[in-house]
Structures are given as structure tokens and as C-alpha cells.
Amino acid sequence: MKHSPLLSSLLLALCFSTAGAVQAETVLKLGYTATNDSHYGVAANVFGEELAKRTNGRYKVQQFPSSALGGEREMIEAVQLGTQDMVITSTGPVGNFIPATRIFDIPFLFRDYAHARKVLDGQIGQEVLKKFPAKGFVGVVWLENGFRHMTNSRHPINVPADVKGLKIRTMENKVHMEAFKTMGALPTPMAMNELFTALQQGTVDGQENPVPVILSNKLYTVQDNVSLTGHVYSPALLLMSSDAWNKLSEADRKAFLEAGKLAAVANRKRVNEDEDKGIAVIKGAGVKVVEKVDIKPFREAVKPAYTVYAKEFGADAIKKIQDVQ
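Below is a short write-up of the structure. (Residues numbered from 1 in each chain as written. Predicted model: local features only at pLDDT ≥ 70, side-chain atom pairs only at ≥ 80, totals over all residues. Heavy atoms only, no water.)

## Some words on the packing of aromatic side chains
Next, step 1: Taken as a whole, this structure holds 12 aromatic pairs when the rule is applied.
Next, step 2: Between Y113 and Y233, the ring centres sit 6.2 Å apart and the planes meet at 80°, which makes this aromatic pair edge-to-face. With Y113 in helix α4 (residues 113-121) and Y233 in strand β8 (residues 225-241), this residue pair connects regions lying 120 residues apart in the sequence. We note that Y113, like Y233, is buried. (Phe/Tyr/Trp six-rings, centres within 6.5 Å; stacked < 30°, edge-to-face > 60°. Helix = DSSP H or I, 4+ residues; strand = E, 2+ residues; numbered from the N terminus. Buried < 20%, exposed > 50% of the residue type's maximum accessible area, 1.4 Å probe, protein only.)

Next up, the structure:
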């Protein structure tokens, strides 16, 4: 069938337009260790939706939850190499790549959620993010895990002496390990995707994590005791490969950052909700929960570790964080 010159031109333009639209969509691989219905999943969902909205669908986020792409350290390495675009990760293993982030893992550094969020969103947190590009990453936004609590299958933890001799899984983070050593525990660094089985089989006696992580990974189903020690605030990050970031236009970078901020709002809201409702879920599973923990003895027990931290990070830097109001 013969088309008029005008119709032929229109059809040709439509073909080029359609081909351009298809070519313009970029799929980004985003991995994380938690489930899709977790506080990480909420952040990933909001980030993907808002990014697509702000770029007219040119960027699509493909999610790989539940450690589908490996543990946190493996995914961080993949992002650094550029074989994975993005990762949502706790700061636990990030300190192996960006040592400055380890300061936020110091026990009892933050008073409460408001204090921690103000530090990370403010000048101190943003200065730390500036150190990432030199190592092959861009820190899109600070996210959150929450305050960490202790669990184990031996006995309730009421005082620091109860921690002594327990084989506790920690993150691959020397700041955390130093604190548990100081309390007389046997810290055992282990990737998150290995933890459930290790607890189930008794390879370790216990672990420490925020309530949202204990819930989303169902760790309470293989532990008998939970103590709400809140000994460490656990930040998280949305990291992006520098290779992927450097390909973005200024307008697209702005879209990524805006989507990241909204993801952080949703993530923190979910952490608050999990904190409020999670203890009832854990108790309902028959786990003993020590809710009223006297924190003063724990603060005293980890004081010797502060000498180590002061040498590494500087006493002034620690005090600067503590003084934020």
C-alpha cells in the first residue's frame, strides 16, 4: 500500500521516536540484604517510584532484595567496580572502604533518633559523604537501620556481666568488635546472609541488630532473649557506583538526590513504626524481652574502648557529634 509523503514522514518520525524512547530507558540494579517489605524495601520502592516520576521513566530501578546479589560487603565491592549500580547497606562494612564512616558506629554516641538524624543530615554527615567519590562511590543519601539491641539463646542480658563469654555475631566492623571485646564477649564478624543459619545451628550464641532488622529477617524465631540495650545507632546508606553517577546530567543528578531524600523519609518512618509495633510481634513469638535496661553500666563497660576510638577518630570529632543539639 502506497502512503502519501506526509504520512510516510509521520510514520518515520514515530518509528524514530519510539526507538529513542526504548533506548532512553536505563535499568539500574539495586541490591540489599533485607526483604522487599522491610525498611530497606520501603526506601527502595519510594526511590524507584520518585526517580521514574522525575525522569519521565528514563530510569527504572530493578530491585534485588534478600541478599539476591550477595552480602553487603560483596555488593559494596560490586558497586565500587561498577558491575552493580546501587546498594542499600548498613554502615557496618562501609568502614572497610571509607574509614571515616566508622565514627558513627561508636557505642552510645547518639542520644536518640532526632540527634542521629540531625548529625547525618547536617554538616557532619554531608562532609563524610564527600569522601565517597574518591573510592568509587556516591553516597546518594543517609538512610537508617535504627538503634541496635542484643539477642541471644543463652540467658537474658540485664547487665554487662551477662554479655561475658557470649559468642556474638557482629558486623564486619572493628568499632563494634572493640566494644564487645571490652565487655568480655567473643565478637564474631559475619555477613548478614549467613546469620540466620548460624543462630539456628548454634554457631553463635547471639547477635545485635535494630528491631526492623530483627523483624524483617525473622531473627527472633531463632533466639530466646532480646534486651533493648540500644547500644549503637546504626545508619544505612544508598550508595551508587561513581561510573553510573558520572554518566548522569546535572538535571538527572538532582532527580536522584530528590528521590533519595524522599526514600529516607519513608525509610525512617518505617523504622519508627517497626520500633513501635515490633516488640509485640517478638513477644508474641514467645521470646523473653528485657525492655527496661539500665544503660549506665553498659556505658561504663565500654568506656575503655573510647580511648581506642579517640586515637582513631580524634576526641574533638567525637565531642563535635555529641554536642549537636
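What follows picks up the thread again.
## Quick word on unusual backbone geometry
Next, step 1: Although it is not a glycine, S67 adopts a positive phi angle of roughly 60°.
Next, step 2: Summarising the element assignment, S67 is placed in the loop between β2 (59-64) and α3 (72-81).
Next, step 3: With a phi angle near 55°, K218 is a residue other than glycine that sits in the positive phi range.
Next, step 4: By the element assignment, K218 lies in the loop between α8 (211-216) and β8.
Next, step 5: Judged by relative accessible area, K218 falls into the partly exposed class, the value being 47%.

## So, the layout of surface pockets
Next, step 1: Here the largest pocket is characterised by a volume of approximately 370 Å³.
Next, step 2: Counting only elements with at least two residues in the lining of the largest pocket, the list comes to α5 (123-129), β4 (137-152) and α10 (250-284).
Next, step 3: When the residues that make up the lining of the largest pocket are grouped by side-chain class, the tally is nine nonpolar, two polar and four charged.
Next, step 4: In this structure, the second largest pocket spans a volume of roughly 230 Å³.
Next, step 5: If you trace the second largest pocket, you find it lined by A100, I103, F104, Q123, I124, E127, V128, K131, A317, K320 and I321.
Next, step 6: At the level of secondary structure, the elements contributing two or more residues to the lining of the second largest pocket comprise α5 and α13 (315-322). (1 Å grid on protein atoms, 1.4 Å probe; cavity = no way out; pocket = protein on both sides within 12 Å on 5 of 7 lines; lining within 4 Å. Points joined across faces, edges and corners; volume = space filled by probe spheres on them. Nonpolar A, V, L, I, M, F, W, Y, C, P; charged D, E, K, R; others polar.)

Remember that the coordinates give geometry; whether it matters functionally is a separate question.
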